[in-house]
Protein chains: 2
Amino acid sequence: MFMGEYNHTVDKKGRLIMPAKFREMLNDKFIITKGLDHCLFVYPIDEWEFIEQKLRSLPFTQKDARAFVRFFFSGALETEIDKQGRILIPPNLREFAKINKEVVVIGVSTRIEIWSREEWESYRNDAELSYEQIAEKMVELGL
Amino acid sequence: MFMGEYNHTVDKKGRLIMPAKFREMLNDKFIITKGLDHCLFVYPIDEWEFIEQKLRSLPFTQKDARAFVRFFFSGALETEIDKQGRILIPPNLREFAKINKEVVVIGVSTRIEIWSREEWESYRNDAELSYEQIAEKMVELGL
DNA sequence: TGTAATATGTTTATGGGGGAATACAATCAT
DNA sequence: ATGATTGTATTCCCCCATAAACATATTACA
């Protein structure tokens, strides 16, 4: 279970030191993908394999399915933490999440999210305003 | 499982260095063929045979089925990686995919796709699903 | 059989990614 | 408050993957 918020930096080569708290739980390989709201998702392998199964069954003869599968897999990457506790974020993912130097790494239940600090702050400022409103909507979802 | 996005170049003789990550999984012969959306598909043999099975079951009495099967097989070619880690893309396939020099190689689940960089970028600009659409798709799939 | 054209192989240079070491910051305990 | 310990940031170095130029082999055709 991932939780918490950490301010970190990405070096010139696109490497990020994974927060020590998260490292313990990512001792093996894991997946980084383009996520929603312009951040990156980090999934443990088993979580990913579930998604992979679902996508494999989509027909490549349908335009939308092709586009979706392409987007999802081309933006995905299996990686692991190096001996210094870092991960390498490839250029296309950095570009996608508008990551330059300062990032925020947050734990969100079963996954980790990596945000450009700027994006995170503007998202949080937007979302924070309607926090109570969002909570109201949770009732509809059975929470 | 193929994933990721790599920028590579094709030399004057039509040879392309296959990304190292993909090479490991294409250790023997494999199939390259004309794909959809003006890119090239690369299949490992077993995956190709699987598709072949499916195509074989299509009724050749139907015009569309005949056309599709012709298209798919006539553009296909068995090849392998040379000692320098390269593959040779024959002229007709290069022409088909509008490949000149700069290409993008992407992993798409069970296959690899080779795109002219220009084509890839315009495809992404046109066809890139909005986040809302992606989110919807994910919900449909139960992710 | 010789020559050109094409295919295949080799070599070298460059840059990106991984590792080691060090400096710096933060937390904790005494 | 001070020192110890852990975690984070930065710099430097080295190796491997890639790219490009060059060399050799094979084929086609006169």
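Computed from a predicted structure; not experimentally measured.

A.B. asks: Explain the protein's contact with DNA strand C residue by residue, including any values.
C.D. replies: In the neighbourhood of DNA strand C, the contacting residues comprise Lys13, Arg15, Asp82, Lys83, Gln84, Arg86 and Leu88 of chain A together with Lys13, Arg15, Gln84, Arg86 and Leu88 of chain B. Among the atoms of DNA strand C lying within 4 Å of the protein, the sugar-phosphate backbone contributes 24%. Within the side chain of Arg86 of chain A, an N or O atom sits 2.9 Å from a base nitrogen of DNA strand C. Taking Lys13 of chain B, its side chain carries an N or O atom lying 2.5 Å from a base oxygen of DNA strand C. Contributing elements (two or more residues each) for the surface near DNA strand C: β6 (86-88) of chain A together with β6 (86-88) of chain B. Each residue belonging to the surface near DNA strand C can be placed in one class, and the counts come to 2 nonpolar, 2 polar and 8 charged.

A.B. asks: Before we move on, can you summarise the packing of helix α2 (residues 45-56) of chain B against helix α3 (residues 63-74) of chain B with the specific residues and values?
C.D. replies: All names here are of chain B. Two elements in contact, α2 and α3, have axes separated by 11 Å at closest approach and are oriented at 155 degrees. Considering their axes alone, α2 and α3 lie roughly antiparallel with respect to each other. Classified by chirality, the crossing of α3 by α2 is left-handed. Mapping the contact onto sequence places Trp48, Ile51, Glu52 and Leu55 in α2 and Phe68, Val69, Phe72 and Phe73 in α3. Among the residues forming the contact of α2 with α3, the class breakdown is 7 nonpolar, no polar and 1 charged.

A.B. asks: Which residues make up the sheet that holds strand β8 (residues 111-116) of chain A, and what values go with them?
C.D. replies: All names here are of chain A. Within the open sheet, the 6 strands sit side by side as β1-β7-β8-β4-β3-β5. Their pairing is antiparallel. Of all strands in the sheet, those bounded by a partner on one side alone are β1 (2-9) and β5 (77-79). Within this sheet the neighbouring strands show an average axis-to-axis angle of 20 degrees, counted without direction. Across 3 bridges, strand β4 (residues 40-44) lies against β8 in antiparallel orientation.

A.B. asks: Can you explain the relation of the copies chain B and chain A? Please cite residues and give values.
C.D. replies: Between chain B and chain A, which share one sequence, the superposing operator has a rotation angle of 23 degrees and an axial displacement of 7.7 Å; the RMSD is 1.5 Å. The overlap is low: 9% of the interface residues of chain B also sit at the interface in chain A, so different surfaces are used on the two sides.

A.B. asks: So what about the pattern of salt bridges? Which residues, and what values?
C.D. replies: Any two side chains of opposite charge can pair, so long as their charged atoms come close to each other. Applying the stated criterion across every chain, the model contains 17 salt bridges over all chains. For Arg111 of chain A, the salt bridge goes to Glu113 of chain A, with nearest N and O atoms at 2.9 Å. Its relative accessible area of 22% is what places Arg111 of chain A among the partly exposed residues. Owing to a relative accessible area of 7%, Glu113 of chain A belongs among the buried residues under this scheme. The partner of Arg56 of chain B in a salt bridge is Glu52 of chain B, with the nearest N and O atoms 3.5 Å apart. Residue Arg56 of chain B and its partner Glu52 of chain B are located together in helix α2, separated by 4 residues, close to a single helical turn. A residue is classified by how much of its surface remains accessible, and Arg56 of chain B, at 57% relative accessible area, is exposed. The class for Glu52 of chain B is partly exposed, based on a relative accessible area of 25%.

A.B. asks: Account for the sheet that holds strand β4 (residues 40-44) of chain B, naming residues and giving values.
C.D. replies: The strand order across the open sheet built from 6 strands is β1-β7-β8-β4-β3-β5 (chain B), with neighbouring strands paired in antiparallel fashion. Each of the sheet's edge strands pairs with one partner strand only, and the pair in question is β1 (2-9) and β5 (77-79) of chain B. Ignoring strand direction, the axes of neighbouring strands in this sheet form an average angle of 25 degrees. Running over the sheet, helix α3 (residues 63-74) of chain A touches β1, β4, β7 (102-109) and β8 (111-116) of chain B and is turned about 100 degrees from β7 of chain B.

A.B. asks: Describe the nonpolar core, naming the residues involved and giving the relevant values.
C.D. replies: Counting 35 residues, the largest nonpolar core has Trp48, Leu55, Phe72 and Phe73 of chain A together with Phe41, Tyr43 and Phe72 of chain B as the members making the most contacts within it. Sorting elements by how many residues they give to this core places α3 of chain A first, with 5 residues. Those residues within four positions of Leu55 of chain A in sequence are excluded, and the remaining contacts are Phe68, Val69, Phe72 and Phe73 of chain A together with Leu141 of chain B. Formed by 23 residues, the second largest nonpolar core is a distinct cluster that contains Val10, Ile32, Ile87 and Ala97 of chain A.

A.B. asks: Describe the interface of chain B and chain A, with residues and values.
C.D. replies: Buried accessible area, meaning the area lost when the parts come together, often serves as the stated size of an interface. With 34 residues of chain B in contact, the opposing surface of chain A contributes 29 residues. Both sides together, the interface formed by chain B and chain A hides about 2,800 Å², and carbon and sulfur atoms give 69% of it. We note a salt bridge from Arg70 of chain A to Asp37 of chain B, for which the minimum N-O separation is 2.8 Å. At the boundary of chain B and chain A, one finds 8 residue pairs in polar contact (both at pLDDT 80 or more). Sort the elements by how many residues they give to the side of chain B that touches chain A and helix α6 (residues 131-140) of chain B lands first, with 5 residues. Classifying every residue of the side of chain B that touches chain A gives 22 nonpolar, 5 polar and 7 charged.

What counts as what
Residues numbered from 1 in each chain as written. Chains lettered and ligands numbered in written order. Predicted model: local features only at pLDDT ≥ 70, side-chain atom pairs only at ≥ 80, totals over all residues. Heavy atoms only, no water. Near = heavy atom within 4 Å. Polar contact = N/O pair within 3.5 Å; in protein donor to acceptor, adjacent residues only side chain to side chain. Helix = DSSP H or I, 4+ residues; strand = E, 2+ residues; numbered from the N terminus. Nonpolar A, V, L, I, M, F, W, Y, C, P; charged D, E, K, R; others polar. Axes fitted to C-alpha atoms, helices over the stretch in contact; angles between N-to-C directions. Parallel < 35°, antiparallel > 145°, perpendicular 65-115°, else oblique. Left-handed = near helix turned anticlockwise from the far one by under 90°. Contact = heavy atoms within 4.5 Å. Pairing = 2+ DSSP bridges. Least-squares fit on C-alpha atoms with pLDDT ≥ 70 in both. Salt bridge = Lys/Arg side-chain N within 4 Å of Asp/Glu carboxyl O. Buried < 20%, exposed > 50% of the residue type's maximum accessible area, 1.4 Å probe, protein only. Core = buried A, V, L, I, M, F, W, Y, C linked by side-chain atoms within 4.5 Å. Buried area = accessible area lost by both parts, 1.4 Å probe.

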